[in-house]
Amino acid sequence: MKNMKTKIIILASLISTFGMFGISQAASAYLEISPATLIKNVEANFTTSVRLITDSYVYAVEGTLAFNNLNCKNITLSEGVVVQSMPTCSNPYFLIGIPSGTNVDMSLFQVLVSGNSVGSASLGFLNVDIIGAGNSLSNSSLNGIYEITAVPVVEVPVVAPIVVPVISTTTETSTSSEVIATTSEVVAAPVETGTSGNSF
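These figures come from a predicted structure and were not determined experimentally.

## Here we look at the packing of aromatic side chains
Both the distance between ring centres and the angle between the ring planes are used here to describe each pair of aromatic rings. According to the stated counting rule, one finds four aromatic pairs in the structure shown. Between Y57 and Y59, the ring centres sit 6.3 Å apart and the planes meet at 25°, which makes this aromatic pair stacked. By the burial criterion, Y57 is buried, and Y59 matches it. Arranged with centres 5.1 Å apart and planes meeting at 65°, the rings of F94 and F109 form a pair that is edge-to-face. Within this pair, whereas F94 is found in strand β7 (residues 93-102), its partner F109 is found in strand β8 (residues 106-115), the two being separated by 15 residues in sequence. Residue classification places F109 among the buried positions, given a relative accessible area of 0%.

Shown next as structure tokens:
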């Protein structure tokens, strides 16, 4: 990476030699994270942007991202830059070239992150080097400071059960039994009548 950085500095120096002596290199330059502050729930994704702020001509930017209480999800390069070492979530070192240089503010890349736990979090830099025409301009940077909050608990209203009276649809059928009375004939036995004779 040092060889690549040296090549970028030499290239920037050559550009400066061919007609850019009139550009002042004394002005400030630094890296910043945008947005600078934010409040997000735990594990909620949000996108941050790594920006170069300068009014001097810058040809390359080097550094390493530093995550504090943040989970890196993805890193996407911005348009108009040439990557020499692409930062990744597993290896957040970067070395980015800017063809023809720039003396205006610009985005370098975007970082998708989420908060790990409730509390403060930050995204910053280590070992920043902002390279001008043949020399190092600055190693300044501004971190993004974030507040990670708990996911709000949504209270679910308790609904009392509705008791519906049950109406029976079963019909009772009554069975009537016929009582059949049997009449028994009573036959009177014949009465024998005797003849009583008087004897004289």
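## Focus: the state of the cysteines
One pass over the full model with this rule turns up one disulfide. Residue pairing for C72: its cysteine sulfur links by disulfide to C89, the two sulfurs lying 2.0 Å apart. In this structure, the disulfide formed by C72 and C89 twists by about -65° around the S-S bond and is classed as left-handed. Within this pair, whereas C72 is found in strand β5 (residues 70-77), its partner C89 is found in the loop between β6 (82-85) and β7, the two being separated by 17 residues in sequence.

## Description of the pattern of salt bridges
Scanning all chains against the criterion turns up one salt bridge. Across the pair E32 and R51 runs a salt bridge whose closest N-O atoms are separated by 3.5 Å. Pair noted here: E32 is in strand β1 (residues 29-34) and R51 is in strand β3 (residues 45-54), with a separation of 19 residues, a long-range link.

## Structural notes on the sheet that holds β5
One open sheet holds the five strands; their spatial order is β5-β8-β3-β1-β11, and the pairing between them is mixed. The sheet is open, and its two borders are formed by β5 and β11 (140-142), each paired with just one other strand. When the angles between neighbouring strand axes are averaged without regard to direction, this sheet yields 20°. Relative to β8, β5 runs antiparallel, the two being bridged by seven bridges. Bridge pairing in β8 places N71 opposite S114.

The rules behind the values
- Residues numbered from 1 in each chain as written.
- Predicted model: local features only at pLDDT ≥ 70, side-chain atom pairs only at ≥ 80, totals over all residues.
- Heavy atoms only, no water.
- Phe/Tyr/Trp six-rings, centres within 6.5 Å; stacked < 30°, edge-to-face > 60°.
- Buried < 20%, exposed > 50% of the residue type's maximum accessible area, 1.4 Å probe, protein only.
- Helix = DSSP H or I, 4+ residues; strand = E, 2+ residues; numbered from the N terminus.
- Disulfide = S-S within 2.5 Å.
- Salt bridge = Lys/Arg side-chain N within 4 Å of Asp/Glu carboxyl O.
- Pairing = 2+ DSSP bridges.
- Axes fitted to C-alpha atoms, helices over the stretch in contact; angles between N-to-C directions.

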